[in-house]
Amino acid sequence: MKVIDFIFAARPMLLLPVWSIYLLAFKLRYPYQAWEDSNTLALVSLTLISAGAYYINQIFDYDSDLINQKIGFLQKDIISRSQMMAAYLSVSVVSVIAAFCSDFMTVLIIILIGLLGLAYSASPLRLKDRPIGGLLANVIAYGILVPLTAVTDIGGDIHLIYIIFYFCLLVAAGYLLTIIPDREGDQQTGKMTLAAGLSDRQIIMSGLALVITSLLMAFLIFNAFLVAVSTVSICLFVIALLTPDEKAILFTCKLPILLVSLLAGYYFPAYLVFMLVLLVMTRLYYKKRFGIIYPRIN
């Protein structure tokens, strides 16, 4: 059971953006190229380094997670802090080793993601507690570094720039909404996130501007599916702006990621099956372990 606890403590549902963005970036960049072993190694490496970031985040976010009533493996003594730190170090080392088996560019990107994940949660930088630091860290990690891991040639191709910009905009918009429910806990623990200085309306309007811009990028990429994702996201942000309650905000935050994941599943049917199995297993685990229904769309 302890092994299973560590698997779910890595927050596999929160790894969906990593997997989905990687798969989509690969398909958008190389629509006719076959999947290779190096891609599998890169994806495994990304998975492990991202899991490490979630491990270390739970250690340093212990107090605010307790106030915000988040699912707490540490708070419920399911996993100790020393065990969580050991898991963080283990997956980080294995991630770098796996990257070395892929290519040198992947190694550099994985190391950058690892350092960014550490700077995001740990002192002295603690980027997640800063107004712009948390936003930039998420945009750089998910919007730039993850797509670049799927790319073997980073020459001056404007199409690649459009792809990266698209993910940057979508990630930034989603991040803005995730900080709203955490406002109370962040304020009580002295964190200076954007939510501490901006109203819900200001944050949602900023997110709306970002998803509107992502629609332009989708047109420049010439992908009708991305156009659909951005269009639906715009509608959701408008609804959240008109009805800024917690359920509307959470739904607006989660659905675009779900749509991106379903799009990745369209291109890679095996991934669609994997997501379905993961969803069922996660529901069963959290029901048995915590007595709650997770994940939920709102």
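Q: Sorry if this is basic, but what is going on with the overall build of the chain here?
A: Within the chain one finds 14 helices and zero strands. Starting at the N terminus and ending at the C terminus, the chain contains elements arranged as α-α-α-α-α-α-α-α-α-α-α-α-α-α. Since a compact globule built from 298 residues should have a radius of gyration of about 19 Å, the 18 Å found for the chain is in line with a globular shape. If one aligns the C-alpha atoms of the chain with their principal axes, the spans along those axes are about 50 × 50 × 40 Å. Counting across all 298 residues of the chain, residues that qualify as buried make up 52%. Of the contacts formed within the chain by residues at least 6 apart in sequence, a portion of 73% connects residues at least 24 apart. Taken as a whole, the chain presents about 14,100 Å² of accessible surface, with 71% of it coming from carbon and sulfur. Charged side chains in the chain number 20 positive and 17 negative. The centres of these two groups are separated by 7 Å.

Q: Got a minute to help me understand a positive patch on the surface in this structure?
A: On the surface, Lys 247, Lys 254, Arg 283 and Arg 296 cluster together into a patch of positive charge. With respect to the element layout, Lys 254 can be found in helix H13 (residues 246-267). By relative accessible area, Lys 254 is classed as partly exposed at 30%.

Q: How do you make sense of the packing of helix H3 (residues 37-60) against helix H6 (residues 104-121) when you look at a structure like this?
A: What describes two packed helices is the angle between their axes and the distance between those same axes. At their nearest, the axes of H3 and H6 sit 9 Å apart, and the two run at 10° to each other. The angle between H3 and H6 falls in the class roughly parallel. Between H3, through Ala 42, Ser 45, Leu 46, Ile 49, Ala 53, Ile 56, Asn 57 and Phe 60, and H6, the contact on the second element is made entirely by Thr 106, Ile 110, Ile 113, Gly 114, Gly 117, Leu 118, Tyr 120 and Ser 121. Tallied by class, the residues present in the contact of H3 with H6 amount to 10 nonpolar, six polar and no charged.

Q: Honestly, helix H1 (residues 2-9) in this entry has me stumped. Any pointers?
A: Counting along an α-helix, one turn takes 3.6 residues, and residues three or four places apart therefore face a common direction. Where H1 is concerned, the buried positions are Asp 5, Phe 6, Phe 8 and Ala 9. Of the surrounding secondary structure, the elements contacted by the buried residues of H1 are H3, helix H5 (81-100) and helix H14 (269-289). One or two positions beyond H1, positive phi appears at Arg 11, with a value near 55°.

Q: Help me understand the pattern of salt bridges, please; the structure alone is not making it clear to me.
A: Once the charged atoms of two side chains with opposite charge are near each other, the side chains can pair. Under the defined criterion, the tally for this structure stands at four salt bridges. Of the charged contacts in the structure, one is a salt bridge between Arg 289 and Asp 5, with a shortest N-O distance of 2.7 Å. Note that Arg 289 is positioned in helix H14 and Asp 5 in helix H1, a separation of 284 residues in sequence. Note on Arg 289: relative accessible area 33%, which makes it partly exposed. We classify Asp 5 as buried; its relative accessible area is 1%. With its nearest N and O atoms 2.4 Å apart, the salt bridge here joins Asp 61 to Lys 128. With Asp 61 in the loop between H3 and helix H4 (62-67) and Lys 128 in the loop between H6 and helix H7 (133-149), this pair connects stretches of sequence that are 67 residues apart. Overall, Asp 61 belongs to the buried group, its relative accessible area being 9%. Through salt bridges with shared partners, a single ionic network connects Asp 61, Arg 126, Lys 128 and Asp 129.

Q: Mind showing me how you'd approach the nonpolar core here?
A: Generally speaking, nonpolar side chains in soluble globular proteins are found buried as a group. Residues Tyr 55, Phe 73 and Tyr 166 are the most contacted members of the largest nonpolar core, which totals 99 residues. Looking at this core element by element, the count peaks at 14 residues for helix H8 (residues 158-178). Those residues in contact with Tyr 166 that lie beyond four places of it in its chain are Ser 214, Met 217, Ala 218, Ile 221, Leu 226, Val 229 and Ser 230.

Q: Sorry if this is basic, but what is going on with the packing of helix H2 (residues 16-29) against H14 here?
A: Running from N to C, H2 and H14 cross one another at 175°; their axes reach a closest spacing of 12 Å. On the basis of their axis angle, the class for H2 and H14 is roughly antiparallel. Residues Leu 16, Trp 19, Ser 20 and Leu 23 of H2 form the contact with H14, whose own contacting residues are Tyr 271, Phe 274, Met 275 and Leu 278. Considered class by class, the residues forming the contact of H2 with H14 number seven nonpolar, one polar and no charged.

Q: Teacher, can you tell me more about unusual backbone geometry here?
A: The residue after Ser 123, namely Pro 124, is reached through a cis peptide bond having omega 5°. Tracing the chain through its elements places Pro 124 in the loop between H6 and H7. The linkage connecting Tyr 294 with the following residue, Pro 295, adopts the cis geometry, with an omega of 0°. Within the secondary structure layout, Pro 295 lies in the segment after H14. Here the phi dihedral of Arg 11 falls at roughly 55°; this positive angle occurs in a residue that is not glycine. Mapped onto the elements of the fold, Arg 11 is located in the loop between H1 and H2. Residue Asp 77 is not a glycine yet carries a positive backbone phi of 60°. Considering the arrangement of structural elements, one finds Asp 77 in the loop between H4 and H5. You can call Asp 77 exposed: its relative accessible area is 67%.

Cut-off values and rules
- Residues numbered from 1 in each chain as written.
- Predicted model: local features only at pLDDT ≥ 70, side-chain atom pairs only at ≥ 80, totals over all residues.
- Heavy atoms only, no water.
- Helix = DSSP H or I, 4+ residues; strand = E, 2+ residues; numbered from the N terminus.
- Rg over C-alpha atoms; globule rule 2.2 N^0.38 Å.
- Buried < 20%, exposed > 50% of the residue type's maximum accessible area, 1.4 Å probe, protein only.
- Contact = heavy atoms within 4.5 Å.
- Areas by Shrake-Rupley, 256 points an atom, 1.4 Å probe, with all protein chains shown as cover.
- Lys, Arg positive; Asp, Glu negative; His and termini not counted.
- Charge placed at Lys NZ, Arg CZ, Asp CG, Glu CD.
- Patch = residues over 30% accessible without salt bridge, like charges linked within 9 Å, V, L, I, M, F, W, Y side chains within 5 Å.
- Salt bridge = Lys/Arg side-chain N within 4 Å of Asp/Glu carboxyl O.
- Axes fitted to C-alpha atoms, helices over the stretch in contact; angles between N-to-C directions.
- Parallel < 35°, antiparallel > 145°, perpendicular 65-115°, else oblique.
- Nonpolar A, V, L, I, M, F, W, Y, C, P; charged D, E, K, R; others polar.
- Core = buried A, V, L, I, M, F, W, Y, C linked by side-chain atoms within 4.5 Å.

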